[in-house]
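# Structure at a glance
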Amino acid sequence: MTERRHFFQLFLFLSIVLPIASGWQIQFVARPFTALSVSNRGLEVRQEGATPTEGGMILYCKAGPDGQAIGDCPFCHFVRLVLEELNLEYEVLPTTSETKPKWLVDHYEGKMPALRHRKECYTESSVIVDYLLFFFGKNKEISQTSSNDIVGGLFPAVAKYLKHTPDNDDTDLELRDNLKIILQQLDDHLVGKQFWNGDIFTQVDCKLAPQLYHLQCGIDAFQKQIDLAEYDHLTLYMSNLFARPSFQATVYPKETVEWGWSNARN
Ligand SMILES: N[C@@H](CCC(=O)N[C@@H](CS)C(=O)NCC(=O)O)C(=O)O
């Protein structure tokens, strides 16, 4: 009976929950199923039951400047925050193009972050997080989500602004003004709230924290013309996020963020 329930859970996750939660990312969802039925994609053939057991997780992520430390990827950081909040055991393997495993390149387009969990592998941070929350986050507050479009617009606007050179030309000012509109929307949403959904810390906060960290480090590093102190509620929210033990346990130095964006700016 338990086996049947577990099989049903896996079926539900692969066929209904992930496609709905991930929209167009359905092609990634097909992979674990393919791994079971057609090819093992470079991984061992799965032998355990339908519901994954904890342990045996390896997160492959972009490496930092020395090729060994954890790099500046906000998507990988998002996954790590969720892993920490769920108290799951995992190993992080910072990886460069030279050290990326062949199976990851051959069967998963070398995409990172990539979560290998025993005999399965998932790429795309939102898919990885859906997987973790589906199996390990049931009835936990962190699994709550929110359908606010502002969240999705933040990182593209941050990236365009930080990447742009030269600073202070017309395009730079346009990108800055566009980002400031989003920051104001975030600030408005956060009035009277400790976290994005109110008093409880959720996956939305795990997603936003790394992006806001990039924004803060990037503004400082490149002396960009945005004063975050103008956004009272956002500033308070950022201090709440950055004080969170999961963030403290996973944060990388601001110099790593600067290194990453410097490469993009050249
Ligand atoms: N949409 C992807 C974006 C992932 C992404 O852009 N990863 C970059 C760093 S931020 C990366 O790992 N690049 C190094 C590589 O692929 O070798 C996700 O959410 O997982």
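In the block above lies the structure referred to throughout.
Below is a short write-up of the structure. (Residues numbered from 1 in each chain as written. Predicted model: local features only at pLDDT ≥ 70, side-chain atom pairs only at ≥ 80, totals over all residues.)

## Some remarks on the packing of helix α6 (residues 149–163) against helix α7 (residues 170–189)
At a closest axis distance of 9 Å, the pairing of α6 and α7 adopts a crossing angle of 150°. If you check the angle between α6 and α7, you find them roughly antiparallel. α7 is crossed by α6, and the crossing has left-handed handedness. The segment α6 lies against α7, with Ile 150, Gly 153, Leu 154, Ala 157, Val 158, Lys 160 and Tyr 161 engaging Leu 175, Arg 176, Asn 178, Leu 179, Ile 182, Gln 185, Leu 186 and His 189. Its residues placed into classes, the contact of α6 with α7 shows 9 nonpolar, 4 polar and 2 charged. (Axes fitted to C-alpha atoms, helices over the stretch in contact; angles between N-to-C directions. Helix = DSSP H or I, 4+ residues; strand = E, 2+ residues; numbered from the N terminus. Parallel < 35°, antiparallel > 145°, perpendicular 65-115°, else oblique. Left-handed = near helix turned anticlockwise from the far one by under 90°. Contact = placed C-beta atoms within 7 Å. Nonpolar A, V, L, I, M, F, W, Y, C, P; charged D, E, K, R; others polar.)

## A few points about the nonpolar core
Judged by nonpolar contacts, the single largest core of 50 residues is most densely connected at Val 79, Val 82, Ile 128 and Ala 209. Per-domain counts for this core show at least three residues from each of domain 1 (2–134) and domain 2 (149–265). Apart from residues no more than four positions distant in its own chain, Val 82 is found in contact with Val 129, Leu 132, Gln 203 and Cys 206. (Core = buried A, V, L, I, M, F, W, Y, C linked by C-beta atoms within 7 Å. Buried ≥ 20, exposed ≤ 12 C-beta atoms within 10 Å, placed from the backbone. Domains from an automatic or database assignment.)

## A word on the sheet that holds strand β1 (residues 57–62)
Taken together, 4 strands build an open sheet; the order of strands is β2-β1-β3-β4 and the sheet is mixed. The two strands at the open ends of the sheet, each matched to only one other strand, are β2 (90–95) and β4 (120–123). For this sheet the average axis-to-axis angle between neighbouring strands, irrespective of direction, equals 20°. Each of β1, β2 and β3 (114–117) is contacted by helix α3 (residues 74–85), which is oriented at about 155° to β1, the strand it contacts most. (Pairing = 2+ DSSP bridges.)

## What about the pairing of β3?
Neither face of β3 is open: one carries Ala 114 and Arg 116, the other Leu 115 and His 117, and all of them are buried. As defined by bridge partners, β1 adjoins β3 across 4 bridges and the pair is classed as antiparallel. For Tyr 60, the partnering residue across the bridge sits in β3 and is Ala 114. Note: β3 against β4, 4 bridges, orientation antiparallel. For Leu 115, the partnering residue across the bridge sits in β4 and is Tyr 122. Linkage of β3 to β4, two consecutive antiparallel strands, is achieved through a turn of 2 residues, within which Arg 118 is found at a positive phi near 50°.

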